[in-house]
Amino acid sequence: MKKAVIILSAIALIACTPKGEIPIEWADHLEDDFSFSELWNYGEAIFRNEYGQLICDGLCPSESYNMLDSEGRILEDSLQRYYQLVDTTHHYYTIVIDEWHDSLWYIHARQLNKDSIECFTNSGVSTYNSLKIDIVGNTCFPSVELTSPAPDSDWTYPCTGGSLKIDKTCWQKGIMKAVFRFTFYDEFGEVKNFTWRGRIYANIENYNQKM
């Protein structure tokens, strides 16, 4: 009888747990492969032309196009001005997602107040899905947001379960070093549930332990 009561109590506790609310596991030193954080790329619209020059081709400052010759080469007397307009910063990867064939992405982690951090991956020309992780105290709330090019087609996939483990030592230095596994619900998909696993290594913007 006592065993039955314990089982029923556990079931009731699970049933009362809000969907998408996942407790954070804290580790003093998180062991995993975070070598991806040493890799980098240029911005999405930056390419190297056949002359070895870094050029912007896409969403670029309009003035930059006037500095190219007919073959797409930056004019010699415009080089300095061109690179003042075009951002060729080295962007180090901050997240790897295994389910996307070890795709390397960028995630931003930003402190909102003492107990709240918001995290979100970049979306762009080729990426319509954004992983969001809202952290409040020792709990996280993950979701995947679809920003569709079609009108009125944006959608949010809620999280139904998973885990997030964070390196506490790095966290106290303003760095989010974490391993995650989240399962999301796709109401319209043939496969209703999909899971993303991966690792994060990102500086926390506006980090202040005393906020």
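Residues numbered from 1 in each chain as written. Predicted model: local features only at pLDDT ≥ 70, side-chain atom pairs only at ≥ 80, totals over all residues. Heavy atoms only, no water.

A.B. asks: Please explain the pattern of salt bridges as it appears in this structure.
C.D. replies: It is possible for side chains bearing opposite charge to pair when their charged atoms get close. Using the criterion set out here, one finds seven salt bridges in the structure. The salt bridge involving Arg199 is made with Asp98; its shortest N-O contact spans 2.9 Å. Here Arg199, found in strand β14 (residues 193-205), pairs with Asp98, found in the loop between β6 (95-97) and β7 (103-105); they are 101 residues apart in sequence, far enough to count as distant. Judged by relative accessible area, which is 14%, Arg199 ranks as buried. When its relative accessible area of 29% is taken as the criterion, Asp98 is described as partly exposed. We note a salt bridge from Glu205 to Arg110, for which the minimum N-O separation is 3.5 Å. Taken together, the residues span a long stretch of sequence, with Glu205 in strand β14 and Arg110 in strand β8 (residues 107-113) at a distance of 95 residues. Look at Glu205 and you get partly exposed, because its relative accessible area is 31%. The structure contains a network of salt bridges with shared partners spanning Asp69, Glu71 and Arg73. (Salt bridge = Lys/Arg side-chain N within 4 Å of Asp/Glu carboxyl O. Helix = DSSP H or I, 4+ residues; strand = E, 2+ residues; numbered from the N terminus. Buried < 20%, exposed > 50% of the residue type's maximum accessible area, 1.4 Å probe, protein only.)

A.B. asks: Honestly, the nonpolar core in this entry has me stumped. Any pointers?
C.D. replies: For soluble globular proteins, the rule of thumb is that nonpolar side chains tend to be buried together. One finds Ile135, Leu164, Met176 and Phe182 to be the most contacted residues of the largest nonpolar core, which totals 28 residues. Sorting elements by how many residues they give to this core places strand β13 (residues 175-185) first, with five residues. When residues no more than four places from it in sequence are discounted, the contact partners of Ile135 are Ile24, Asp115, Ser116, Ile117, Cys119, Cys140, Leu164, Ile166, Trp171 and Met176. Of all hydrophobic cores here, the second largest spans eleven residues; its members include Tyr42, Ile46, Ile55 and Cys60. (Core = buried A, V, L, I, M, F, W, Y, C linked by side-chain atoms within 4.5 Å. Contact = heavy atoms within 4.5 Å.)

A.B. asks: Can you walk me through the state of the cysteines in this structure?
C.D. replies: Here a disulfide denotes one covalent bond, and it connects the sulfur atoms of two cysteines. Under the counting rule described, the total for this entry stands at one disulfide. Here Cys56 pairs with Cys60 through a disulfide, and the sulfurs are 2.1 Å apart. Across the disulfide from Cys56 to Cys60, rotation about the S-S bond amounts to roughly -95°, and the bridge is consequently left-handed. We note that Cys56, like Cys60, is buried. In this model Cys119 remains outside any disulfide bridge; the closest cysteine sulfur is found in Cys140, 9.1 Å from its own. Cysteine Cys159 remains unbridged, with the sulfur of Cys140 as its closest cysteine sulfur at 7.2 Å. (Disulfide = S-S within 2.5 Å.)

A.B. asks: Sorry, what's going on with unusual backbone geometry here?
C.D. replies: The general pattern is negative phi for most residues beyond glycine and trans for most peptide bonds. Here the phi dihedral of Asn206 falls at roughly 60°; this positive angle occurs in a residue that is not glycine. For Asn206, the location among the structural elements is in the segment after β14.

A.B. asks: Is there a simple way to explain the side chain of Asn49 in this structure?
C.D. replies: Tracing the chain through its elements places Asn49 in the loop between β3 (46-48) and β4 (54-56). Here the side chain of Asn49 touches Tyr51 through a polar contact of 3.0 Å, landing on its backbone nitrogen. Apart from residues lying up to four places away in sequence, Asn49 is in contact with Ile55, Gly72 and Arg73. (Polar contact = N/O pair within 3.5 Å; in protein donor to acceptor, adjacent residues only side chain to side chain.)

A.B. asks: Mind showing me how you'd approach the environment of Ser148 here?
C.D. replies: Counting through the fold element by element, Ser148 comes out in the loop between β11 (139-146) and β12 (155-167). The residues contacting Ser148, other than those within four sequence positions of it, are Ser153 and Asp154.

A.B. asks: I would appreciate a short explanation of the pairing of strand β10 (residues 129-136) in the present structure.
C.D. replies: Look at any regular strand and the pattern is simple: side chains alternate between the two faces of the sheet. Of the strand pairs in this sheet, strand β9 (residues 116-121) and β10 are connected by five bridges, and their pairing is antiparallel. Residue Cys119 lies in a different strand from β10, and its bridge partner there is Ile133. Two strands pair when backbone bridges link them, and β10 and β11 are joined in this way by eight bridges, in the antiparallel orientation. Across the sheet, Lys132 pairs through a bridge with Ser143, a residue of β11. (Pairing = 2+ DSSP bridges.)

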